[in-house]
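Inside the fold
Residue strings, one per chain:
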Amino acid sequence: MSKIITVILVVVLVVYLLRRMAGKRVEGDNPPADKAAEDMVRCHVCGVNLPRSEAILSQGRFYCCDEHRKSGS
Ligand SMILES: [Zn+2]
């Protein structure tokens, strides 16, 4: 009987460790350094640099905000 408990404990420990490793990998996918290395684009109106993911793309031009998108096109 104690063998079974040992096996269960080992399995639980392995699953726990794997989950921790998986969690670390997910965190590692999105470090702040990666965000800084993200493509930077320039607002067509005011020329401010901002990450591509935060920029508004309209007709092949990037804008920092909706106001500039309206005034730029
Ligand atoms: Zn702008």
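Each chain has its residues counted from 1, running along the sequence as written. Only residues with pLDDT of at least 70 get local features here, since the model is predicted, and only at 80 or more are side-chain atom pairs given and counted; chain-wide, interface and lining totals rely on the full set of residues.

Here's the deal with the overall build of the protein
Along the protein, the regular secondary structure elements total three helices and four strands. Written out in order from the N terminus, the α and β elements of the protein read α-α-β-β-β-β-α. In this scheme every C-beta is placed from the backbone, and a residue whose C-beta has 20 or more other C-beta atoms within 10 Å is buried, one with 12 or fewer is exposed, and one in between is partly exposed. Looking at the 73 residues of the protein, the share that counts as buried comes to 10%. Any pair of residues counts as being in contact when their C-beta atoms, constructed from backbone geometry, are within 7 Å of one another. For the protein, contacts bridging at least 24 residues in sequence account for 9% of all contacts bridging at least 6. Helix numbering and strand numbering both begin at the N terminus, where a helix is a DSSP run of H or I of at least 4 residues and a strand a DSSP run of E of at least 2.

A short note on unusual backbone geometry
For Gln59, which is not glycine, the phi dihedral falls at a positive 50 degrees. Mapped onto the elements, Gln59 comes out in the loop between strand S3 (56-58) and strand S4 (61-63).

Comments concerning the confidence of the model for the protein
Residues with a pLDDT of 70 or more make up 81% of the protein, whose mean pLDDT is 86. Values of pLDDT, which run from 0 to 100, indicate the predictor's confidence residue by residue. Here helix H2 (residues 32-36) stands out as the least confident element of the protein, with mean pLDDT 54; S4 is the most confident, with 96.

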